[in-house]
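What the coordinates show
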Amino acid sequence: MDACSTPDLISVEQALTSLLDKVSPLNEHFQCTLNDALDHVIAEDILSPVNVPAFDNSAMDGYAFAHNEALTTFTLIGTAMAGHPFTGDVKPGECVRIMTGAAMPSNVDTVVMQEQVERLDETITLTVVQPKGNNVRHAGSDLINGATVVEKGTLLSARHIPLLASIGVDKVSVYRRPRIAYFSTGDELKPLGAPLEFGEIYDSNRYTLSALIEKTGCEGLDLGIVEDSPEAIERAFKDAAAQADIVITSGGVSVGDADYTKQVLEEIGEIGFWKLAIKPGKPFAFGTINNSYFCGLPGNPVSALVTFAELVRPLISKLGGESKPFEPLRLPAIAEGAFRKRPGRLDFQRGIYEINNGVITVRSTGHQGSNAFSSMAAANCFVVIERERDNVEVGDTVTIEPFDAILN
Ligand code: AMP
Ligand code: MG
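Keep in mind that this is a model prediction, so the values were computed, not measured.

Below, the discussion takes up the overall build of the chain. Assigned secondary structure in the chain consists of 7 helices and 26 strands. Against the 2.2 N^0.38 benchmark of 22 Å for 408 residues, the chain shows a C-alpha radius of gyration of 29 Å, more extended than a compact globule. The dimensions of the chain, computed from C-alpha atoms along their principal axes, are 90 × 50 × 45 Å. When the 408 residues of the chain are sorted by exposure, 47% land in the buried category. A sequence separation of at least 24 residues applies to 69% of the contacts in the chain between residues at least 6 apart. Roughly 20,000 Å² of accessible area belongs to the chain as shown, and the carbon and sulfur atoms make up 51% of that amount. Across the chain, the 33 positively charged side chains and the 54 negatively charged ones have centroids separated by 3 Å.

This is how it looks when you write it as structure tokens:
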């Protein structure tokens, strides 16, 4: 089989491009304190109002002195601690005991770390030659007053918050995060806690969505389970769209007898329905209902997760005002075992990668069915196998998408 035999399937890249083309950012902003700013997109450029550091200071615990090539012995005349500067005069041949972060006294330019001196009472002798300016952090060496510190459209992570704190910014203007309503469709689905009759299963997709939405910092509205009937689905769509910027459903987007999502969306909204060249996750509906965006994910649990990661996550990032839409990290890895694959769809298999002596290797987590969540849970990456590619053999290079990115 080759791609020519799957011409009705559109590529994931194409789907993502046309989806993002239809999305306009919410553009509503409000002020929040730095403590509440994590996972929000900043709505303004932040310029540093100060030099960082604000004053020359020591990078080491040691002794500060005025550099002079002829001098290796200095007389100790005082102490400078962080927060307690030494304000006296330091003459040539004199030094001050200094701690990391303490302001450099005037007239000194060099710090020797304490491990590189011999101290006898109030006299220190350098045991290692010190270049002039050693171990000094200069005012403005990290940031110059007026420099752009964080650009508008940046999703604030644990990397940015301390930077803003370091320049004294305690309030920022941020965009409102998208509100996302979600529900599951399927007569076979039961909520947790209810007994299961023969043929019924627990609804796990709402838990997938709740967890993934929480990680984006967006507000999630869980609208429960909706039965497979056009009337119930229509009511649920309208109810969800009235409350949220994005409506996400799972299930009912295939071509089975009880799959009404497409039909209802055509009646009450606008639909872009795609059969994606992706595995798992082929059926995916995207559209609008009134002023909300709609994403209909496939019902199979792994498919729902994959399509959320690859399509919904970038949508959220654009709608939320991020200037660079979210793109998952992809890295090359060496296949430690074979991956079975037929050409025709971009495959997101579940794998475990390891790094040994700088080489990334990856192996499959086993059963790759789109319903097999145990092999999803065991994985630490997707193994992204190109649409046209055939089986991957041991030793071949493949692309992986690691799951954890703690600082993003
Ligand atoms: P559908 O897309 O509705 O045809 O569903 C495809 C498969 O996914 C079926 O086996 C469903 O039972 C299953 N499924 C659908 N929704 C969920 C859900 N919320 N949780 C777990 N499995 C589901
Ligand atoms: Mg169904």
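On to the sheet that holds strand S8 (residues 117-120). Strands sit in the order S7-S4-S6-S5-S9-S8 across an open sheet of 6 strands; the sheet is mixed. Two strands bound the open sheet, and with one partner strand each, they are strand S7 (110-113) and S8. Pairs of neighbouring strands in the sheet enclose a mean axial angle of 35°, with direction left out of account. As paired elements, strand S4 (residues 62-65) and strand S6 (residues 94-98) share 4 bridges and run antiparallel to each other.

Glancing now at the site of ligand 1. Around ligand 1 lies a shell of 16 residues, among which Glu-188, Asp-203, Ser-204, Gly-252 and Gly-299 are the nearest. Residue Ser-204 places a main-chain N or O atom 3.0 Å away from a nitrogen atom belonging to ligand 1. Within the backbone of Asn-300, an N or O atom sits 3.2 Å from an oxygen atom of ligand 1. When ligand 1 is considered free in solution it has 480 Å² of accessible area, and contact with the protein chains removes 76% of it.

With respect to the element layout, Leu-9 can be found in the segment before helix H1 (12-21). A C-alpha to C-alpha distance of 7.5 Å links Leu-9 and Trp-274, two positions 265 residues apart in sequence. Once you skip the residues sitting within four places of it in the chain, Leu-9 turns out to touch Lys-275, Leu-276, Ala-277, Lys-282, Gly-344, Arg-345 and Arg-387.

This paragraph deals with the packing of helix H4 (residues 230-243) against helix H5 (residues 261-268). How two helices sit against one another is set out by the angle between their axes and by the gap between those axes. For the pair H4 and H5, the least separation of the axes is 10 Å and the interaxial angle reads 55°. As summarised for this structure, H4 and H5 are arranged oblique, according to the angle between their axes. Here H4 and H5 pass one another in a crossing that is right-handed. Contacts from Pro-230, Ile-233, Glu-234, Phe-237 and Lys-238 of H4 reach H5 at Thr-261, Gln-263, Val-264, Leu-265, Glu-267 and Ile-268. For the contact of H4 with H5, the class distribution of residues is 6 nonpolar, 2 polar and 3 charged.

Taken as a whole and judged by the stated rule, the model has 6 aromatic pairs. Residues Phe-286 and Tyr-293 carry aromatic rings whose centres are separated by 6.4 Å and whose planes lie at 10° to one another, so their mutual orientation is stacked. Each member of the pair, Phe-286 as well as Tyr-293, is classed as buried. Through pairs of rings, three or more aromatic residues link up here, namely Phe-183, Phe-237 and Phe-294. The ring of Phe-326 carries Arg-313 above its face, with NZ or CZ at 4.5 Å from the centroid.

This part is about a negative patch on the surface. Negative charge collects at one region of the surface, where Asp-187, Glu-188, Glu-227 and Glu-231 lie side by side. Along the polypeptide, Glu-231 turns up in helix H4.

Each value, and the rule that gives it
- Position labels on residues start from 1 in each chain and follow its written sequence.
- Each chain takes a letter, starting from A, and each ligand takes a number, starting from 1, following the order in which they are written.
- Selection of residues for local features in this predicted model requires a pLDDT of at least 70, selection of side-chain atom pairs for listing and counting requires 80 or more, and totals for whole chains, interfaces and linings are taken over all residues.
- The basis for the side-chain values is all heavy atoms of the structure; hydrogens and waters are excluded.
- In DSSP terms, a helix is any run of H or I states spanning at least four residues, a strand is any run of E spanning at least two, and both are numbered starting from the N terminus.
- Atoms counted for the radius of gyration: C-alpha only. Globule rule: 2.2 Å times residue count to the power 0.38.
- Categorising residues by exposure relies on relative accessible area from a 1.4 Å probe, with only protein chains included: less than 20% of the type maximum marks a residue as buried, more than 50% marks it as exposed, and the intermediate range marks it as partly exposed.
- In this analysis, two residues are considered to be in contact whenever any of their non-hydrogen atoms come within 4.5 Å of each other.
- In short, Shrake-Rupley with a 1.4 Å probe defines the accessible areas, and a residue's cover is counted only from the protein chains shown.
- Counted as positive: Lys and Arg. Counted as negative: Asp and Glu. His and the chain ends are not counted at all.
- The location of each charge is read from NZ of Lys, CZ of Arg, CG of Asp or CD of Glu.
- Pairing between strands is defined by DSSP: at least two bridges between the two strands are required.
- Axis definition: a line fitted to C-alpha atoms, over the contacting stretch in the case of helices. Angles run 0 to 180 degrees between N-to-C directions.
- Here a residue counts as near a molecule or strand whenever at least one of its heavy atoms sits within 4 Å of it.
- Under this definition, polar contacts are N or O atom pairs within 3.5 Å; protein pairs additionally need one hydrogen-donor-capable and one acceptor-capable atom, and for neighbouring residues in sequence, both atoms have to be side-chain atoms.
- An angle counts as roughly parallel when it lies under 35 degrees, as roughly antiparallel when it exceeds 145, as roughly perpendicular when it falls between 65 and 115, and as oblique in every other case.
- Crossing chirality is assigned from the near helix's rotation relative to the far helix, an anticlockwise turn below a right angle marking it left-handed and a clockwise turn marking it right-handed.
- Amino acids are sorted into nonpolar (Ala, Val, Leu, Ile, Met, Phe, Trp, Tyr, Cys and Pro), charged (Asp, Glu, Lys and Arg) and polar (every other residue, Gly among them).
- Note on ring pairs: Phe, Tyr and Trp rings are taken, using the six-membered ring of Trp, and paired if centres are within 6.5 Å. Classes follow the plane angle, with under 30 degrees stacked, over 60 edge-to-face and the rest tilted.
- Should the NZ of a Lys or the CZ of an Arg lie within 6 Å of a ring centre and within 35 degrees of the ring normal, that charge is described as sitting over the ring.
- Exposure above 30% relative accessible area and the lack of any salt bridge qualify a residue for a patch; like charges then connect within 9 Å, and the nonpolar side chains Val, Leu, Ile, Met, Phe, Trp and Tyr within 5 Å.
- Here, a salt bridge means any side-chain nitrogen of Lys or Arg that lies within 4 Å of a carboxyl oxygen of Asp or Glu.

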